[in-house]
Amino acid sequence: MNKEEIKTVLEILKKNYPDAKSELSFKNPFELLIATIMAAQSTDRQVNIITKKLFELYPSPEDMVKLSEEELGKLIKSSGFYRNKSKNILKACEILLKEHQGEVPKTREELVKLPGVGRKTANVVISNVFGQDAIAVDTHVFRVTNRIGIVKAKTVEATEEELMKKIPKDLWSEAHHWFILHGRRVCKARKPLCEICELRQYCIYNRKLRNES
DNA sequence: AACTCGGGGCA
DNA sequence: TGCCCAGAGTT
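Please read all numbers here as calculations on a predicted model, not as lab measurements.

Cut-offs used in this document
- Residues numbered from 1 in each chain as written.
- Chains lettered and ligands numbered in written order.
- Predicted model: local features only at pLDDT ≥ 70, side-chain atom pairs only at ≥ 80, totals over all residues.
- Heavy atoms only, no water.
- Salt bridge = Lys/Arg side-chain N within 4 Å of Asp/Glu carboxyl O.
- Helix = DSSP H or I, 4+ residues; strand = E, 2+ residues; numbered from the N terminus.
- Buried < 20%, exposed > 50% of the residue type's maximum accessible area, 1.4 Å probe, protein only.
- Near = heavy atom within 4 Å.
- Polar contact = N/O pair within 3.5 Å; in protein donor to acceptor, adjacent residues only side chain to side chain.
- Nonpolar A, V, L, I, M, F, W, Y, C, P; charged D, E, K, R; others polar.
- Axes fitted to C-alpha atoms, helices over the stretch in contact; angles between N-to-C directions.
- Parallel < 35°, antiparallel > 145°, perpendicular 65-115°, else oblique.
- Contact = heavy atoms within 4.5 Å.

**Quick notes on the pattern of salt bridges**
Piece 1. All chains considered together, the criterion is met by nine salt bridges.
Piece 2. A salt bridge links Lys14 to Glu174; its shortest N-O distance comes to 3.4 Å. With a gap of 160 residues between them, Lys14 in helix H1 (residues 3-16) and Glu174 in helix H11 (residues 172-185) connect regions that are remote in the sequence.
Piece 3. Of the charged contacts, one joins Lys113 and Glu110 as a salt bridge, the two residues approaching to 3.1 Å between their closest N and O atoms.
Piece 4. Because the salt bridges share partners, they merge into one network encompassing Arg108, Arg119 and Glu160.

**Description of unusual backbone geometry**
Of all residues except glycine, most have a negative phi; of all peptide bonds, most are trans.
Piece 1. The phi angle at Gln41 is positive, at roughly 55°, despite the residue not being glycine.
Piece 2. Relative to the helices and strands, Gln41 resides in the loop between helix H2 (29-38) and helix H3 (44-57).
Piece 3. Judged by relative accessible area, Gln41 falls into the exposed class, the value being 68%.

**Thoughts on the protein's contact with DNA strand C**
Piece 1. Not every one of the 22 residues close to DNA strand C is listed here, only the nearest: Ser42, Thr121, Thr139, His140 and Ile180.
Piece 2. Counted by atom, the contact set of DNA strand C within 4 Å of the protein is 64% sugar and phosphate.
Piece 3. Within the backbone of Gly116, one N or O atom sits 2.9 Å away from a phosphate oxygen of DNA strand C.
Piece 4. Here Thr121 contributes a side-chain N or O atom positioned 2.6 Å from a phosphate oxygen of DNA strand C.
Piece 5. Counting only elements with at least two residues in the surface near DNA strand C, the list comes to helix H8 (119-128), helix H9 (139-148) and H11.
Piece 6. Per-element accounting of the surface near DNA strand C gives the leading share, three residues, to H8.
Piece 7. Within the surface near DNA strand C, the residues separate by chemical class into nine nonpolar, eight polar and five charged.

**Quick look at the packing of H9 against H11**
Piece 1. Across the interface, H9 lies against H11 with an axial gap of 8 Å and an inter-helix angle of 85°. As summarised for this structure, H9 and H11 are arranged roughly perpendicular, according to the angle between their axes. Taking contact as the criterion, the partners of His140, Val141, Arg143, Val144 and Thr145 in H9 are, on H11, His176, Phe179, Ile180, His182, Gly183 and Arg184.
Piece 2. In terms of residue class, the contact of H9 with H11 is made up of four nonpolar, five polar and two charged.

So far we have only geometry, and geometry alone does not tell us how the molecule works.
Here you go:
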């Protein structure tokens with residue numbers, strides 16, 4: 001897909017998802033880290049509801065480590081996978097205190113060492129609160145961008161690199177949410193709704209479908 | 001590569 | 001009701 005087509009695709013997405021932005025607008029690194037760990041296989045909205053209360057009561061790793069797994073699990077239950085997450089979050093808090101003076105590390109290499117933190121979560125943190133160049137690629141971003149043909153990549157890492165080259169930097173954050181929303185509502189994993197998709201005429205995947213029929 | 005974790009969203 | 005999932009870790 002050439003530059004002009006990508007530009008057109010991004011314009012269509014912008015038009016269709018005008019208010020696409022994360023509900024997790026934490027500027028505090030610790031809060032963003034914990035909220036993002038919780039966001040795995042959950043929704044920003046759900047995590048936003050939980051964390052409002054949670055961070056009032058436990059605003060720092062010092063406060064949060066005082067919780068037991070059971071107590072934290074209860075508080076974050078509605079984000080799903082709460083046993084894993086509460087265990088990981090408490091362990092991560094311990095590591096922050098022991099090895100990082102209670103601060104959130106600023107590199108992806110250090111972040112992914114924390115339990116519950118993978119490449120996607122690390123990228124969210126370094127790009128949103130540490131001003132580093134990174135695009136968080138989740139399952140939707142990976143599927144949609146590859147399916148449409150904005151990128152051709154076999155791995156998440158390669159997808160990140162290509163996206164950073166092909167999407168203007170000032171659109172990275174918005175585009176992330178465009179792809180997610182489009183992936184959920186239209187460009188679904190199992191049965192994509194190509195017949196109602198406004199990207200149809202630019203989409204590599206749909207071109208193949210049309211050629212086959 | 002295939003599994004597990006889980007309550008919530010949505011048809 | 002039943003299906004699917006805004007990741008990460010383990011085997």
